[in-house]
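The chain contents come next:
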Amino acid sequence: MSDHASSKPDVPGIRPYDHAAGGWDALLATARAIRDQMDTPEVVASLLETNKPTGFDCPGCAWGDRSPSSTFQFCENGAKAVTWETTTRRATPDFFAAHTVTELLGWSDYALEDVGRLTHPLKYDAATDTYRQVPWDEAFAGIGDALRRLPDPNAVEFYTSGRASNEASFLYQIFVREYGSGNFPDCSNMCQEPTSVGLPQSIGIGKGTVSLDDFDRCELIISIGHNPATNHPRMMGTLWEASGRGVPIVVLNPLRERGLERFTDPQDTIEMMTGGSRRIASNYLQVRAGGDVAALKGIMKALIEFYDAGATEALDHDFIQQHTQGFDAVADDLRATSWPDIERDSGLGRDELESVAELYARSNATIVVYGLGFTQHNTGTANIHQVVNLLLMRGNFGKPGAGICPLRGHSNVQGNRTVGITEKPYPALLDGIERTFGFRPSAAQGHDAVAAMRAIIDGRSKALIGLGGSFAVAMPDPGQCFPAMRRLDLTVFIGTKPNRSHLLAGKTSYVLPCLGRTERDVQATGHQFITVEDSMSMVHSSLGRLEPASPDLRSEAAIVAGIAKATLPKSRVPWDELIADYDRIRDAIASVFTDFGDFNTRIRVPGGFRLPLPPTERIWNTPSGRAQFMVFDGLSEDSQGKPGSLRLSTIRSHSQYNTTIYNLDDRYRSVFGRRDVVFMNKNDMAELGIGHGDLVDLETAILDATASRLNGLTAVEHDISRGSVASYYPEANVLIPLEWGDKQSGIPAYKSVPVRVLRAGP
Ligand SMILES: Nc1nc2c(c(=O)[nH]1)N[C@H]1C(S)=C(S)[C@@H](COP(=O)(O)OP(=O)(O)OC[C@H]3O[C@@H](n4cnc5c(=O)[nH]c(N)nc54)[C@H](O)[C@@H]3O)O[C@H]1N2
Ligand SMILES: Nc1nc2c(c(=O)[nH]1)N[C@H]1C(S)=C(S)[C@@H](COP(=O)(O)OP(=O)(O)OC[C@H]3O[C@@H](n4cnc5c(=O)[nH]c(N)nc54)[C@H](O)[C@@H]3O)O[C@H]1N2
Ligand SMILES: [Mo]
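Residues numbered from 1 in each chain as written. Chains lettered and ligands numbered in written order. Predicted model: local features only at pLDDT ≥ 70, side-chain atom pairs only at ≥ 80, totals over all residues. Heavy atoms only, no water.

Chemist: Any chance you could break down the site of ligand 2 for me, citing the residues and the numbers?
Modeler: Around ligand 2 lies a shell of 32 residues, among which Y159, E556, T659, Y729 and N733 are the nearest. A474 places a polar main-chain atom, nitrogen or oxygen, 2.7 Å from a nitrogen atom of ligand 2. Between a nitrogen atom of ligand 2 and a side-chain N or O atom of Y750, the distance comes to 3.4 Å. The fraction of the free accessible surface of ligand 2 (930 Å²) that becomes covered by protein chains is 97%. Those elements that place two or more of their residues in the shell around ligand 2 are helix 10 (188-191) and strand 16 (490-495). Across the shell around ligand 2, the residue classes break down as 12 nonpolar, 14 polar and 6 charged. Counting the residues that make up the shell around ligand 2, at least three belong to each of domain 1 (90-189 + 420-597) and domain 3 (642-759). (Near = heavy atom within 4 Å. Polar contact = N/O pair within 3.5 Å; in protein donor to acceptor, adjacent residues only side chain to side chain. Areas by Shrake-Rupley, 256 points an atom, 1.4 Å probe, with all protein chains shown as cover. Helix = DSSP H or I, 4+ residues; strand = E, 2+ residues; numbered from the N terminus. Nonpolar A, V, L, I, M, F, W, Y, C, P; charged D, E, K, R; others polar. Domains from an automatic or database assignment.)

Here it is, written out as C-alpha cells:
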C-alpha cells in the first residue's frame, strides 16, 4: 500500500501505518488505556494477575496459557478488556434518572459503555421513560412472576454471551430446562457454530484438537480467516516463536493484516531495543471473500495430482486406509473440479495453491487454525468439512504437532457449550440432569440465535433473558430486530455496562448488574473462584480479587439462582446450597458430565486439566467409527449475489470488543478516529469510478432479497483481494438479512454479503 500512498489524496483519519504489529505502539496503547480508565494503583496492579494460576482469567480471548509458572504475558487488547471492566467510572441510578431511554438510544455504542459500570438493579419505568433503581428481591419477584404468567415456556428466549463462567452457565441451563424451555440462542451460534456442527460429522467432536505444545512441534501452520494481533493477541507470541523456528506459516485472508505479516514481540528486549520484527506469514494468499472452499479444493487437488504423478508420499495412505472413510469420493470430486473454476472462485493462482500443496506435502505435522473469516459464510459447515479433508489426507490428527485449532471468541464460549448451553439437547445431557436433579428435561430442539430473533420478530416469543452480551446489536438486520425487541413483554439483561440492547426495553424490563471476572466474589462459605475452558479444552480456575465496582453487585451465578428461585418455587434444585459454595456447583457439573470426574480436586492443580479429546488418540466417535471425508458439491455460493456485486466482510477494528467500542482507531489498518469507512481494492475502485476518499453508499445485492442501505461511508483504498470489500461490525449489520447464512449450522454469513458500492448521491 505504502508504495502508492503518496499519490493518493489526503483523507481525514487515514494515515499510513508502517510499523510491525506489537512493539512500542502496543505498550503505549496499553498505557493510554490504563490512564483513561483506571486511577488506583491496586487496580493497575491487578493487570499483573491476569492468567496467573492465582489470578483471574483474561476476559479478552480464549487462547490457551503457557505453563502455570509462566510470567505475565503482555497483551495490549487483553489489557484493554481488563481496564474496560475495572474502570473507575460508574453508571449510577442518578445517571439513569437524568437521561431518558429515548435520549440514550441516540448515543453511540462507545458513549453508552463509556458511562461505566452498572451499580444497581434497574427497572424500566414507562411513565418517565427512564430506568429506575429497584431492590434485588423486588426485581427477582417481578421477573419470576412474569415468567410464571407466560402460557408457554418456549415463548421465552434465554441468550448467553460467552463470558459467563462454567458455574453460572451450568446453573442457567438447569434453570431454563426445569422451567421448560429449550431456547438457547448464544454467541457461539454467531461464531463457531459450523465447528460445533461440522466437526463432529468429520471427526466425532466439535472442538479443536491441538494444545500449545503442538505449536512447539508443528512443521507448518495454515492460518485461515482470523486477525490475531487484534483478536487473539497472546497467539502472536506463539506464531512469533514458530516463525523463529523457521516454520512456514501460510495465511489465507482477503486483507493483508499487519499482525500476520510482521510482529515485534514486546516481551523481546532485543527486538524492542533494535526496532526489529519477525515475519509471520511465509505465504500470504489473498483469497477472495467467500473463496475458501475453492482455495482448499485447489490445495487438495494439487496434492492428488502430485500423488497421481507418482509422488505417493504426498498422501498418508496408511492413515487414510486405517482411519477414514469416503476418501475416493472426495478424490473424484477434486479430479472433476477444474483449475479455471478454482482460480476464478478463490481469486488465487494455480501456482500459489500448488506452492502451498508442496509445503503441505513436505510437512510431517501441520496445524490448521481458523477464525470467523472461515466460519461466517453460507458454506460455513462445508468449509469445516473441507479443511478436515485436507488434514486427513496427511494423517494430521493424533500425532504431535498436528491438528485443527478453531479460534474460539469469548473467553468461555467453549466452556458454556461443554456445560450444557445448547439448543440441541443430547441423551447424555438429559440423562445426567435426571440423575443429578431428578427431573428429565425436554428433548425437543430449541431456538438458536437466528431462530430466537425470528420468533421475537414474529411475535411468537414474548420474553428475552440475556446472560451478558448485547444480543440485538450482535445480530444481523437491526431494522427488524430493534423494533421487535421493544414489543416483548419482558426483557432482562444481566450485564456489567450499559449497552444498546438494554435500551431496547420491552413492556417490563430489568437490567441486573453483575460482578466481573476481576472482582471478589464472596458467598456464604467465603471467597469463591469460577472456572473456564479455553480453546485448547483446558479447564482452569479464575479468582477475582478486586473490590467490586459497587456493593450492590451480585455474581452471575447468584443472579441466575435468584431468578430461578423466584420463578420455580417448587424447584428440585437446591439453589441456596449451590450458591453458598461453588464447589457444590462443580460437584453437580461432575455428576451431569462424566468428563468432569473429580472436578474439585483436579481444578486445584495449578493450570487445571484438559478435557478428553478422542481424535488425539485416533478414536473417532462418528457413526462409522472412522474419520469421515466429506464431499462438497461446488466451490462457493456466488450465484446468490446479483450480477456485478462485491462480497462484503464485516470485521472488527483493533479498538473494539464485539459490540463494545473502546475508541475509534484501527491502527494496523491505518485508520484513526473514525469507523465510517469501506475498504476496497484499487482495481475494483477504478472499475466503478470510485476514488480514494469518495463518499459511497453500500446496498445489499442478494437475489430475491430486499435491498437495504448503509449510506455515507468513505471509500478507502486498501490491500484487499479483488471482488471483496470490508467494513466494520456492528455498523454494517444493517446490510445483512436475518436469515442470510449457513443452512446447516444457522450461522449468519457476516463475512460474505453481496453488496453494491454506489457513489453517494448529491
Ligand atoms: N480485542 C478483541 N478480541 C476479541 C474480539 C474483539 O472483538 N476484540 N472478539 C472475540 C470474539 S467473540 C471472536 S469470535 C474472535 C474473533 O476473531 P477473528 O476471527 O479474528 O475476527 P474478525 O475480526 O471478525 O476477523 C476475521 C478475519 O477474517 C478475514 N476474512 C474476512 N472474510 C474472509 C474470507 O472470506 N476468507 C478468509 N479466509 N478470511 C476472511 C478478515 O480479513 C479478518 O482478518 O475474537 C475474540 N477476541
Ligand atoms: N456483522 C457482524 N456481526 C457479528 C459478528 C461479526 O463478525 N460481524 N460477530 C459475532 C460474534 S462472533 C459474537 S461473539 C457476537 C457478540 O455478541 P455478544 O457476546 O452478545 O456481545 P458483546 O459485545 O461481547 O457484549 C458486550 C456486553 O457484555 C456485557 N458484559 C461484559 N462483561 C460481562 C460479564 O463478565 N458478565 C456479564 N453478564 N456481562 C458482561 C456488557 O454489559 C457489555 O455491554 O457478535 C456477532 N455479530
Ligand atoms: Mo464470537
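Chemist: Pulling in residues and values, what's your account of the layout of surface pockets?
Modeler: In this model, the largest pocket occupies a volume close to 900 Å³. As for the largest pocket, its lining consists of 26 residues, of which I205, K207, R417, T418 and Y426 are closest to the centre. Those elements that provide at least two residues to the lining of the largest pocket are helix 11 (193-203), helix 24 (413-418) and helix 25 (427-437). When residues in the lining of the largest pocket are grouped by element, the largest group, 4 residues, is from helix 11. Looking at side-chain class alone, the lining of the largest pocket contains 12 nonpolar, 8 polar and 6 charged residues. Mapped onto the domain boundaries, the lining of the largest pocket takes at least three residues apiece from domain 1 (90-189 + 420-597) and domain 2 (193-407). (1 Å grid on protein atoms, 1.4 Å probe; cavity = no way out; pocket = protein on both sides within 12 Å on 5 of 7 lines; lining within 4 Å. Points joined across faces, edges and corners; volume = space filled by probe spheres on them.)

Chemist: Tell me about the domain arrangement of the chain, residues and numbers included.
Modeler: You can read the domains of the chain as domain 1 (90-189 + 420-597), domain 2 (193-407) and domain 3 (642-759). The straight-line distance from the C-alpha centre of domain 2 to that of domain 3 is 25 Å. Between domain 2 and domain 3, the residue contacts involve 27 residues of the former and 25 residues of the latter. Carbon and sulfur atoms make up 52% of the area that domain 2 and domain 3 hide from each other, which totals about 2,200 Å². Contact with domain 3 buries surface across domain 2, with L255, Q376 and N378 losing the most and accounting together for 29% of the total. Across the contact surface, domain 2 and domain 3 share 2 salt bridges. A salt bridge links D719 to R256, with the nearest nitrogen and oxygen atoms 3.8 Å apart. Listed by contribution, the elements that provide at least two residues to the side of domain 2 that touches domain 3 are helix 11, helix 13 (228-231), helix 22 (372-375) and helix 23 (380-393). Take the side of domain 2 that touches domain 3: its biggest share by element is 4 residues, from helix 11. Split into classes, the residues belonging to the side of domain 2 that touches domain 3 amount to 8 nonpolar, 14 polar and 5 charged. (Contact = heavy atoms within 4.5 Å. Buried area = accessible area lost by both parts, 1.4 Å probe. Salt bridge = Lys/Arg side-chain N within 4 Å of Asp/Glu carboxyl O.)

Chemist: Run through the sheet that holds strand 1 (residues 21-22), naming residues and quoting values.
Modeler: In space, the 3 strands of this open sheet follow the order 1-9-10, with mixed pairing throughout. Edge positions in the open sheet fall to strand 1 and strand 10 (278-279), since each of these has one partner strand only. For strand 1 and strand 9 (residues 262-264), the ladder comprises 2 bridges, and the chain directions are parallel. Bridge assignment links A21 to a residue of strand 9, and that residue is F263. (Pairing = 2+ DSSP bridges.)

Chemist: Can you explain unusual backbone geometry? Please cite residues and give values.
Modeler: At the junction of Y729 and P730, the peptide bond is cis and its omega measures out at 5° in the coordinates. Backbone geometry at S670 places phi at a positive 65°, although glycine is not the residue there. S670 sits in the buried class, given a relative accessible area of 7%. Non-glycine residue D704 carries a positive phi angle of around 65°. Note on placement: D704 falls in the loop between strand 28 (695-700) and strand 29 (709-717). Residue class for D704 comes out exposed when judged on its relative accessible area of 84%. (Buried < 20%, exposed > 50% of the residue type's maximum accessible area, 1.4 Å probe, protein only.)

Chemist: For the packing of helix 26 (residues 449-458) against helix 28 (residues 478-486), give the residues involved together with the corresponding values.
Modeler: As a packed pair, helix 26 and helix 28 sit with axes 8 Å apart at the nearest point and diverge in direction by 60°. Between helix 26 and helix 28, the interaxial angle falls into the category oblique. In the crossing of helix 26 with helix 28, the sense of the turn from one axis to the other is left-handed. Counting all contacts with helix 26, which are made through M453, R454, I456 and I457, the residues of helix 28 involved are Q480, C481, A484 and M485. Taken together, the residues of the contact of helix 26 with helix 28 sort by class into 6 nonpolar, 1 polar and 1 charged. (Axes fitted to C-alpha atoms, helices over the stretch in contact; angles between N-to-C directions. Parallel < 35°, antiparallel > 145°, perpendicular 65-115°, else oblique. Left-handed = near helix turned anticlockwise from the far one by under 90°.)

Chemist: An account of the UniProt feature "domain: Molybdopterin oxidoreductase" (unreviewed entry) in the chain is needed here, citing residue identities and associated values.
Modeler: Mapped onto the present numbering, the UniProt feature "domain: Molybdopterin oxidoreductase" (unreviewed entry) falls on residues 117-486. Taken end to end, residues 117-486 is 51% helix and 13% strand, and its first and last C-alpha atoms sit 24 Å apart. (UniProt positions renumbered as here; feature names shortened; annotations may be inferred.)

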